[in-house]
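Take a look at the letters that make up each chain.
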Amino acid sequence: MDAPQDNAPTTHFGFAEVPLATKQAMVDDVFHSVANRYDLMNDLMSAGLHRAWKDALVAAVNPPKEPGPSRVDPPGESLGRAFSVLDLAGGTGDVAFRLLKAGGPATQVTVVDINADMLAVGRDRAAARSLEGITFVEGNAEALPFADRSFDAVTIAFGIRNVPRIAAALAEARRVLAIGGRFLCLEFSTVDVPGLDRLYDLYSFNVIPALGRMVTGDAEAYRYLVESIRRFPPPESFAGMMRAAGLARVSFQPMTGGIVALHSGWRL
Ligand SMILES: C[S@@+](CC[C@H](N)C(=O)[O-])C[C@H]1O[C@@H](n2cnc3c(N)ncnc32)[C@H](O)[C@@H]1O
């Protein structure tokens, strides 16, 4: 699968080829439609596995328990600021809540998502848990409303394949990272275990859209989900896109037979 190009006239929306300029609105419709049932569907579809995958992402971020020198402090000066994480395409806040739990009061998380309905679910969940240290911002990962070098870590879970201009989003992630900061991207990947690949296809194309219809009333949204996973570049190719965006020491770790991969890169 070729890596998608930001300047191509068309791109894919699931298996369909669509004008690049229209993809975002189509993606937005999907997440408007499923926002209220999004978290429940994640548990049902993955039999709870998404929790373990997100925990692996959070463990890699390794947010400190105590306030300490931040990577955004001026050289030689420790202002004892909180560890600041930007969770891109953070939706209903699931990754952010896990980061806060792992890091404690020394951690601050900013959730950015383009979809107001997903963010509204996240804000309600944060309020119900009386969570502090979390901010929800409506914004586009392709053009972030933050200053250069303002975060210690940038995460994105199951979001990047939905963003029309992936190269722009990667460049923005690098731009807002502090020097020495880490970018971590959890995304569906390429199943490479013989036998598991056929089972996974059967499950994905038959069970998931039917489950989506039952739980959210929208089978098409979940057909898009399954197709978009198949159109996402293989991990080596995505690693190349991360390097092209200027990230360093790029690596990836396949998990669960390649169903997902955790990609890592640094701003050095
Ligand atoms: C599959 S959900 C992932 C949500 C969350 N990260 C999680 O793992 O539960 C994908 C999210 O990407 C968001 N998204 C799509 N395009 C975006 C863009 N250009 N900028 C920011 N967020 C975007 C969607 O609104 C949606 O909330």
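Everything below is about the structure shown above.
Predicted model, so just to flag it, every value in this text is computed and none were measured.

### Here we look at the overall build of the protein
- Secondary structure summary: the protein contains nine helices and nine strands in total.
- By the compact-globule yardstick of 18 Å for 268 residues, the protein fits well, its C-alpha radius of gyration being 18 Å.
- Here the C-alpha coordinates of the protein stretch approximately 55 × 40 × 35 Å along the principal axes.
- Across the 268 residues in the protein, those meeting the buried criterion constitute 53%.
- Look at the contacts in the protein between residues 6 or more apart in sequence, and 72% of them connect residues 24 or more apart.
- In the form shown here, the protein has an accessible surface area of approximately 11,800 Å², with 56% of it arising from carbon and sulfur atoms.

### A few points about the packing of aromatic side chains
- On inspection of all chains with the given rule, the structure shows eight aromatic pairs.
- Aromatic pair Phe-158 and Phe-188: ring centres 4.7 Å apart, planes at 35°, arrangement tilted. Taken as a pair, Phe-158 in the loop between strand E6 (151-157) and helix H6 (166-176) and Phe-188 in strand E7 (residues 177-188) lie far apart in primary sequence, 30 residues in all. Just as Phe-158 is buried, Phe-188 falls in that class too.
- Here the aromatic rings of Phe-232 and Phe-238 are separated by 5.2 Å at their centres, their planes lie at 50°, and the arrangement is tilted.

### Regarding the side chain of His-50
- On the secondary structure map, His-50 appears in helix H3 (residues 49-61).
- In this structure, His-50 is in contact with Asn-42, Asp-43 and Asp-94, ignoring residues within four places of it in sequence.

### Side note on the pairing of strand E4 (residues 107-113)
- Here E4 lies mainly inside the structure; six of its seven residues are buried.
- Strand direction decides the pairing type here: strand E3 (residues 83-88) and E4, joined by six bridges, are parallel. Bridge pairing links Asp-87 to Val-111 in E4.
- Running through helix H4 (residues 94-103), the crossover from E3 to the neighbouring parallel element E4 is right-handed.

### Focus on the nonpolar core
- Counting residues in hydrophobic clusters, the biggest one holds 50 residues, and the most contacted among them are Trp-53, Ile-134, Leu-186, Phe-188, Tyr-222 and Val-260.
- The biggest single contributor to this core is helix H8 (residues 219-231), with six residues.
- Leave out the neighbours within four places in its chain, and Trp-53 touches Ser-46, Phe-158, Leu-186, Phe-188, Met-255, Thr-256, Ile-259 and Val-260.
- Counting 27 residues, the second-largest nonpolar core is a separate cluster that includes Ile-166, Phe-238, Met-241 and Ala-245.

About the cut-offs
- Residues numbered from 1 in each chain as written.
- Predicted model: local features only at pLDDT ≥ 70, side-chain atom pairs only at ≥ 80, totals over all residues.
- Heavy atoms only, no water.
- Helix = DSSP H or I, 4+ residues; strand = E, 2+ residues; numbered from the N terminus.
- Rg over C-alpha atoms; globule rule 2.2 N^0.38 Å.
- Buried < 20%, exposed > 50% of the residue type's maximum accessible area, 1.4 Å probe, protein only.
- Contact = heavy atoms within 4.5 Å.
- Areas by Shrake-Rupley, 256 points an atom, 1.4 Å probe, with all protein chains shown as cover.
- Phe/Tyr/Trp six-rings, centres within 6.5 Å; stacked < 30°, edge-to-face > 60°.
- Pairing = 2+ DSSP bridges.
- Right-handed = clockwise from strand over helix to strand, strands pointing away.
- Core = buried A, V, L, I, M, F, W, Y, C linked by side-chain atoms within 4.5 Å.

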